[in-house]
Amino acid sequence: MRKVCGALAVVLLGLAACSDDKPAPAGPPPTTAHSSPTPPPAPDGLPRGGRVIFPKYQLVAYVGLPGSPALGPLDKDLDAKAAKLDTLSRAYAAGRTPLPVMELIAVVARGSRGKDGMYRGQLDDAKIEQYLTVARKHKMLLLLDIQPGRAKILPEVKRLERWLKEPDIGLAFDPEWAVGPTQVPGRVFGHTTGAELDSIAAYLSGLVQANGLPEKVFVFHQLSPRIVTGEKALKPHPGVVTIKSVDGIGARTDKLKTWTKLTTSLPPSVHAGFKLFYTEDTRHGPLMTPAQVLALKPRPELVIYE
């Protein structure tokens, strides 16, 4: 089991920003004295121009959750973190235009059942607005990451439709935390199938076409081969850029072995992504440099830092 699971289970039990209550209506939340600032207007296309992601752009991301430093750098001080991410992204240009990405964990797996027994918490709209405001200020993409616990993934995705209709918001799915009806996140690996991933991509494609949106990024995270089965069922869908983030942890040699296992038979329509862990990776040696990451084959078109 992934070494971070124990730490995550502790962190996920006490997140004040998340709710287990039934989802709120899809419309905008009421304005109150405690509401976050209204995000700037949406861009006409992608944050840094155009409507097509690749091959123009190289994506570089920070991941995080409000008040949870164990889950990545986007826990607080968002403007400062966005500035650092912008600088980091330039080290990955290598002939492309850097496009930084803020990956916000909008649905987070928990070690306790919660009010509805789904072992997950849902970030409220005010927090998502806060991150979107910073992303737009710095001309970055925002990804909403889902760790569904016992909940079904597609309803969790559809609950975020209000946000996914925005031109600069994409989706990430972490199936390691998608467990069965009697399982607990962090105690076992979750899993998904190519058919399930395909259903998500098809839904996103429908949103893109119905709303005249630029290409939308869909990331699925994978730590080991058993987390995704039947991957060939994942097909291309108009307007959706699908990326597999290879999330191997540990020494560089171990990460490279995981990379080879998970990218050798990559479907032609799926782009490659690579994840680096500031804490877990550096227990085994120095963090891989941008040059080392860019030397991987195929080229990681999305690089994520947690």
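## Some details on the overall build of the protein chain
Link 1 in the chain: Each helix and strand counted, the protein chain has 8 helices and 12 strands in total.
Link 2 in the chain: Scored against the burial criterion, the 306 residues of the protein chain give a buried share of 56%.
Link 3 in the chain: Nonlocal contacts in the protein chain, meaning residues at least 24 apart in sequence, comprise 77% of its contacts between residues at least 6 apart.
Link 4 in the chain: Carbon and sulfur atoms make up 57% of the accessible area of the protein chain, which amounts to about 12700 Å² in all.

## A look at the nonpolar core
Link 1 in the chain: With 81 residues, the main nonpolar core has Leu 59, Tyr 92, Met 102, Leu 142, Leu 144, Leu 164 and Phe 218 as its most contacted residues.
Link 2 in the chain: If we skip the residues at most four places from it in the chain, Met 102 touches Tyr 62, Leu 74, Leu 85, Tyr 131, Val 134, Ala 135, Met 140, Leu 141, Leu 142 and Leu 143.

## Focus on the packing of aromatic side chains
Link 1 in the chain: Evaluation of the coordinates by the stated rule reveals 4 aromatic pairs.
Link 2 in the chain: Above the ring of Trp 163, the side-chain terminus of Arg 162 is found at 4.1 Å from the ring centroid.

## What about the pattern of salt bridges?
Link 1 in the chain: For the structure on display, the rule yields 16 salt bridges.
Link 2 in the chain: We note a salt bridge from Arg 120 to Asp 116, for which the minimum N-O separation is 3.0 Å.
Link 3 in the chain: Assessed through its relative accessible area of 5%, Arg 120 is described here as buried.
Link 4 in the chain: Residue classification places Asp 116 among the partly exposed positions, given a relative accessible area of 32%.
Link 5 in the chain: Beyond isolated ion pairs, a larger network of salt bridges with shared partners links Arg 48, Asp 86 and Arg 90.

Reading the values: rules and limits
Chains are numbered independently. Their residues run from 1 in the order of the written sequence. Totals for whole chains, interfaces and linings use every residue, but because this is a predicted model, local features are given only for residues with pLDDT of at least 70 and side-chain atom pairs only at 80 or more, for both listing and counting. Here the side-chain values reflect all heavy atoms present in the structure, with hydrogen atoms and water set aside. Numbering goes from the N terminus for both helices and strands, where a helix is a DSSP run of H or I of at least four residues and a strand is a run of E of at least two. Using a 1.4 Å probe on the protein chains alone, a residue whose accessible area is under 20% of its type maximum counts as buried, one over 50% counts as exposed, and one in between counts as partly exposed. Residue contacts are counted whenever heavy atoms from the two residues lie within 4.5 Å of one another. The method behind every accessible area is Shrake-Rupley, applied with a 1.4 Å probe, and residues are considered shielded solely by the protein chains displayed. By convention a nonpolar core is built from buried Ala, Val, Leu, Ile, Met, Phe, Trp, Tyr and Cys residues, the set being connected through side-chain atoms within 4.5 Å. Working definition: rings of Phe, Tyr and Trp (its six-membered ring) pair if their centres are within 6.5 Å, and the pair is stacked with planes under 30 degrees apart, edge-to-face with planes over 60 apart, and tilted otherwise. Geometrically, a charge over a ring is one whose NZ (Lys) or CZ (Arg) sits within 6 Å of the ring centre while staying within 35 degrees of the ring normal. In the sections that follow, a salt bridge refers to a side-chain nitrogen of Lys or Arg positioned within 4 Å of a carboxyl oxygen of Asp or Glu.

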